[in-house]
Amino acid sequence: MSDKNNKIPFNEDNYTHNINRNNERKLDRRGFMKTLVGAAGVFAISSLPWGTLAAKELTGLSDKKYPKQKITDVKSIAVGDAVDFAFPGEHDSAILIRLSENKYVAYQNACTHLRCPVFWNKNEEEMICPCHHGKFNVQTGEPIAGPPRRPLPEIQVKIENGAIYAVRVKRYEA
Amino acid sequence: MKHKYRNVVLLLAVLMLNIIFTQYMVHQYFFEHYKNSLIAAIINVGLFPIAFIIYKNDKKGVSTNE
Ligand code: FES
């Protein structure tokens, strides 16, 4: 190679003497593989937070136990009536409905469409969202009309000594 | 030529598994099947060393070949 370079004139193919195209394709392949390994790394790292959250959930660290909260007295809510309250936080508005003598249901009443407060329509026995006329089944919290697609989160209630308590928010079940 | 791309195909398979398990992990998380979610996350993390080993082995294989 080197002795060729000192001869004048060069051979035609000498113009590319310093361009080494060997292994070029192999490098491409290697680079591609490197990218793939990198992508696998990104997947691995992005799995970490999900894994941690899931583990946390499993060990019960974030199983929030809210102190039970008194909503109202049994005496002050007639059958078919509803009261508003807030549970578990003071900004998580919720609604308690007395369906019959012994049946109470409670939901967090932020509409699952755009979080307008849902209210209880006694005459039609439905929960209605005033914003876009979403309707919810009062027994289950399932959406039955309008834009909402997810049920309202249900709140478990307990009756003790003539008072109604909110105990916990039921987990969302898909 | 054929087995030159074997490792690439293997890596692509690993990546495909990554995608599958990531999706599974996220869905199981929202369905509150945290155990499944955790298992998928561990598999996902474990796939990275596998991918790396495939890459490393490939380097050795090629340099002795040509
Ligand atoms: S916010 Fe309730 S229907 Fe749109």
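Here's what I pulled together on the structure shown here. It should be emphasised that the depicted structure is a prediction, and the values quoted were computed from it without experimental measurement.

**Details of the overall build of chain B**
Then step 1. In terms of regular secondary structure, chain B is built from two helices and zero strands.
Then step 2. Of the roughly 4,200 Å² of accessible surface on chain B, a fraction of 72% belongs to carbon and sulfur atoms.

**Topic: the interface of chain A and chain B**
The extent of an interface is frequently quoted as the accessible surface area lost upon association of the parts.
Then step 1. With 25 residues of chain A at the contact, the number on the chain B side is 31 residues.
Then step 2. Between chain A and chain B, the buried area comes to about 2,800 Å², and carbon and sulfur atoms account for 75% of it.
Then step 3. Broken down residue by residue, the surface that chain A buries against chain B is led by Arg29(A), Arg30(A) and Trp50(A), which jointly contribute 24%.
Then step 4. Put simply, chain A and chain B have two salt bridges between them.
Then step 5. A salt bridge links Arg29(A) to Asp58(B); its shortest N-O distance comes to 3.2 Å.

**Digging into the side chain of Asn121(A)**
Residues and elements named next belong to chain A.
Then step 1. As for its placement among the helices and strands, Asn121 is situated in strand β5 (residues 119-121).
Then step 2. A distance of 3.1 Å separates the side chain of Asn121 from the backbone nitrogen of Asn123, its partner in a polar contact.
Then step 3. Beyond its immediate sequence surroundings of up to four residues, Asn121 is in contact with Glu126 and Ile128.

**A word on the nonpolar core**
Then step 1. Ranked by size, the top nonpolar core spans 13 residues in total, and within it Ile97(A), Val118(A), Trp120(A), Met127(A), Phe136(A), Val138(A) and Leu152(A) carry the most contacts.
Then step 2. Ignoring sequence-local partners within four residues, the contact set of Met127(A) consists of Ile95(A), Ile97(A), Tyr107(A), Val118(A), Phe119(A), Trp120(A), Gly134(A), Lys135(A), Phe136(A), Asn137(A), Val138(A) and Leu152(A).

**Quick look at the sheet that holds β5(A)**
Residues and elements named next belong to chain A.
Then step 1. Taken together, four strands build an open sheet; the order of strands is β5-β6-β7-β8 and the sheet is antiparallel. The sheet is open, and its two borders are formed by β5 and β8 (143-145), each paired with just one other strand. Across the sheet, the mean angle from the axis of one strand to that of its neighbour is 40 degrees, orientation sign disregarded.
Then step 2. Bridge count for strand β6 (residues 126-129) against strand β7 (residues 134-136) is three bridges, and the pairing is antiparallel. Residue Cys129 lies in a different strand from β7, and its bridge partner there is Gly134.

**Remarks on the state of the cysteines**
All names here are of chain A.
Then step 1. The tally for this structure, following the rule as stated, stands at one disulfide over all chains.
Then step 2. Here Cys116 is linked by a disulfide to Cys131, with a sulfur-sulfur distance of 1.8 Å. The sign of the S-S torsion, about -95 degrees, decides the handedness of the disulfide formed by Cys116 and Cys131: left-handed. In this pair, Cys116 is assigned in the loop between β4 (104-108) and β5 and Cys131 in the loop between β6 and β7, connecting sequence segments 15 residues apart.

**Things to note about helix α1 (residues 6-30) of chain B**
Residues and elements named next belong to chain B.
Then step 1. For α1, which comprises 25 residues, the first-to-last C-alpha distance of 36 Å matches the rise-based estimate of 36 Å (1.5 Å per residue) to within 8%.
Then step 2. Among the residues of α1, Asn7, Val8, Leu11, Val14, Leu15, Asn18, Thr22, Met25, Gln28 and Tyr29 are the ones counted as buried.
Then step 3. Trailing α1 by a residue or two, Glu32 shows a phi angle of about 65 degrees, which is positive.

**Structural notes on the sheet that holds strand β3 (residues 93-98) of chain A**
Residue and element names in this part refer to chain A.
Then step 1. Strand order in the open sheet made by the six strands is β1-β10-β9-β4-β3-β2, with antiparallel pairing throughout. Looking along the sheet, the strands with just one partner apiece sit at the ends: β1 (69-73) and β2 (82-86). Direction aside, the axes of adjacent strands within the sheet are offset by 30 degrees on average.
Then step 2. Bridge count between β2 and β3: five bridges; the pairing is antiparallel. Paired with Ala82 across the strands is Ile97, a residue of β3.

Rules and cut-offs
Residues numbered from 1 in each chain as written. Chains lettered and ligands numbered in written order. Predicted model: local features only at pLDDT ≥ 70, side-chain atom pairs only at ≥ 80, totals over all residues. Heavy atoms only, no water. Helix = DSSP H or I, 4+ residues; strand = E, 2+ residues; numbered from the N terminus. Areas by Shrake-Rupley, 256 points an atom, 1.4 Å probe, with all protein chains shown as cover. Contact = heavy atoms within 4.5 Å. Buried area = accessible area lost by both parts, 1.4 Å probe. Salt bridge = Lys/Arg side-chain N within 4 Å of Asp/Glu carboxyl O. Polar contact = N/O pair within 3.5 Å; in protein donor to acceptor, adjacent residues only side chain to side chain. Core = buried A, V, L, I, M, F, W, Y, C linked by side-chain atoms within 4.5 Å. Buried < 20%, exposed > 50% of the residue type's maximum accessible area, 1.4 Å probe, protein only. Pairing = 2+ DSSP bridges. Axes fitted to C-alpha atoms, helices over the stretch in contact; angles between N-to-C directions. Disulfide = S-S within 2.5 Å. Expected span 1.5 Å × (residues − 1).

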